[in-house]
Amino acid sequence: MLNRWLGIILGGLMLLANAGIFVRDILPRWLPNDPPPNDAQLLAPGEARQVQVGIFDDDGRRIGTSWTRSHRKPSGDFIIINTTTVLGPLPLPGITVPRVRVESEVALRGTTKRVDDVDLRIHGLGFPFRVRGEAMPTGEFVCSWRIANESGTFLLDADAPAALGDVIRPFDRLPELEVGQTWRVKLLNPLAALGPRGDTAVEAESMLIRVTGRQRIVHGGRQVETYVVKGGGATAYVAEDGRVLRQELTVPLLGDLLLLDERYDAEAREALLHAAP
């Protein structure tokens, strides 16, 4: 009888110990938490970073390129992130646009790492397309949009813009990842407003993102160990240093896309910027 009670007590203690480990080490990874820091937030005053991503369709043909330039002002007060994405030709309902250029600028306060301002414009559609967001003293982040003659607004909470992404390129850099880590990200989906639904409203869609495991991939002709990040129908493969080497996703109007990290080509960027539109 004594042995039986000792077994029950020891078994209960083991369950309590395992439960404590679960609550301390595992459960936090299953619950959504803060997103990884934007790589630009890790820049030192006066430091800059440049990233280029090639965009390919499901047949492997290049259909665009995206460049991101981030820099922290020498004072350290502000971080500016500029992204230029060139796509084309772009099939829209009833028309094919030869080339579209998406320009975005995000300003972060270096002291609080809060987003202060977001400005997104699409050129080449033949009509105005702009989304602008601004932090308010009330703590809300107010976004306004204009598409041709239509306009509107939507609200985000104060922390949401820190995890604001572009549906064409959901992930920029993701440093300090751990398997099991989860967070939420808001994705702007401007192309959905150009679809056949007849709804021109622009919204930010919430996505749950999870680091599901590790996987070796071939990138640049060599084997690289990566973290696998999934969410919102997208899969990203992230190197140890936070570089997003490969992204696979489906975008409205564009279909299945493959995004690959590339060597930054400043001359190609300037040539495309000076070409129409």
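Residues numbered from 1 in each chain as written. Predicted model: local features only at pLDDT ≥ 70, side-chain atom pairs only at ≥ 80, totals over all residues. Heavy atoms only, no water.

### Structural notes on the overall build of the chain
Condition: Each helix corresponds to a stretch of at least 4 residues labelled H or I by DSSP, and each strand to a stretch of at least 2 residues labelled E; elements are numbered beginning at the N terminus. Burial status follows relative accessibility: with a 1.4 Å probe on protein chains alone, a residue under 20% of its type maximum counts as buried, one over 50% as exposed, and anything between as partly exposed. The contact definition used throughout considers only heavy atoms, calling two residues in contact when any of these lie within 4.5 Å. The Shrake-Rupley method, run with a 1.4 Å probe sphere, supplies the accessible areas, and residue values consider only the shown protein chains as cover.
A count of helices and strands for the chain gives two helices and 17 strands. A buried classification covers 43% of the 277 residues belonging to the chain. Residue pairs at least 24 apart in sequence account for 46% of intrachain contacts in the chain once pairs closer than 6 positions are excluded. Per element, the accessible surface of the chain, about 14700 Å² overall, is 55% carbon and sulfur.

### A look at the confidence of the model for the chain
The cut-off we apply is this: pLDDT: the predictor's confidence for each residue, scored from 0 to 100.
On average, residues of the chain score 77 in pLDDT, and 71% of them are at 70 or above. The lowest-confidence element of the chain is helix α1 (residues 2-30), averaging 36 in pLDDT; the highest-confidence one is strand β14 (residues 222-231), averaging 95. Throughout residues 1-31 the model reports pLDDT below 50, and contacts reaching past four residues in sequence, or to other chains, amount to 16 contacts.

### Details of the packing of aromatic side chains
This is how it is decided: Classification of ring pairs uses Phe, Tyr and Trp, with its six-membered ring standing for Trp, and accepts pairs whose centres are within 6.5 Å; under 30 degrees between planes counts as stacked, over 60 as edge-to-face, and the remaining range as tilted. For a lysine, the NZ atom is tested; for an arginine, the CZ atom; a charge sits over a ring if that atom is within 6 Å of the ring centre and within 35 degrees of the ring normal.
Following the criterion strictly, the structure yields zero aromatic pairs and no others. Taking NZ or CZ as reference, Arg-214 lies 4.2 Å from the ring centre of Tyr-227, over its face.

### With respect to the pattern of salt bridges
In plain terms, the rule: By convention in these notes, a salt bridge is any Lys or Arg side-chain nitrogen within 4 Å of a carboxyl oxygen on Asp or Glu.
The tally for this structure, following the rule as stated, stands at 15 salt bridges. When the shortest N-O distance is used, the salt bridge between Asp-59 and Arg-61 registers 3.3 Å. Here Arg-61 falls in the exposed class, since its relative accessible area comes to 52%. In this structure, Arg-216 engages Glu-225 in a salt bridge whose closest nitrogen and oxygen atoms are separated by 3.3 Å. Of the residues examined, Arg-216 reaches a relative accessible area of 49% and is grouped as partly exposed. Glu-225 sits in the partly exposed class, given a relative accessible area of 27%. Salt bridges sharing common partners tie together Arg-214, Arg-216, Glu-225 and Glu-240.

### So, the pairing of strand β6 (residues 100-109)
Using the following cut-off: When DSSP finds two or more bridges between a pair of strands, those strands are recorded as paired.
Extensive coverage of β6 is indicated by the burial of seven of its ten residues. Strand direction decides the pairing type here: strand β3 (residues 78-87) and β6, joined by ten bridges, are antiparallel. Along β6, the bridge assignment pairs Val-86 with Arg-101. Note: β6 against strand β7 (residues 115-123), eight bridges, orientation antiparallel. Looking across to β7, one finds that Leu-108 is bridged to Val-115.

### Here's the deal with the environment of Asp-172
The topology assignment puts Asp-172 in the loop between β11 (164-166) and β12 (182-188). Residues Asp-172 and Val-51 lie 121 residues apart in sequence; the distance between their C-alpha atoms is 8.5 Å. With residues up to four places along the chain from it excluded, the contact list for Asp-172 reads Arg-49, Thr-68 and Val-244.

### Regarding the nonpolar core
Heads up, the rule is: Put simply, buried Ala, Val, Leu, Ile, Met, Phe, Trp, Tyr and Cys residues joined by side-chain atoms within 4.5 Å make one nonpolar core.
Membership of the largest hydrophobic core comes to 24 residues, with the highest contact counts inside it found for Phe-171, Leu-174, Leu-177, Trp-183, Val-229 and Val-238. Residues within four places of Phe-171 in sequence aside, it is in contact with Ile-209, Val-229, Ala-234, Ala-236, Val-244 and Gln-247. With 22 residues, the next largest nonpolar core counts Leu-43, Leu-108, Leu-120 and Leu-156 among its residues.

### Observations regarding the pairing of β7
Pairing analysis gives five bridges linking β7 to strand β8 (residues 129-135), with the strands arranged antiparallel. Along β8, the bridge assignment pairs Arg-121 with Arg-130. The antiparallel hairpin formed by β7 and β8 contains five residues in its connecting segment, where Gly-124 sits at a positive phi of about 105°.

### Some details on unusual backbone geometry
Positioned with a positive phi, Ala-148 is a non-glycine residue whose angle comes to about 55°. Among the secondary structure elements, Ala-148 is positioned in the loop between β9 (141-147) and β10 (150-156). Even without being glycine, Glu-176 reaches a positive phi, approximately 60°. Considering the arrangement of structural elements, one finds Glu-176 in the loop between β11 and β12. The class of Glu-176 is exposed, set by a relative accessible area of 57%.

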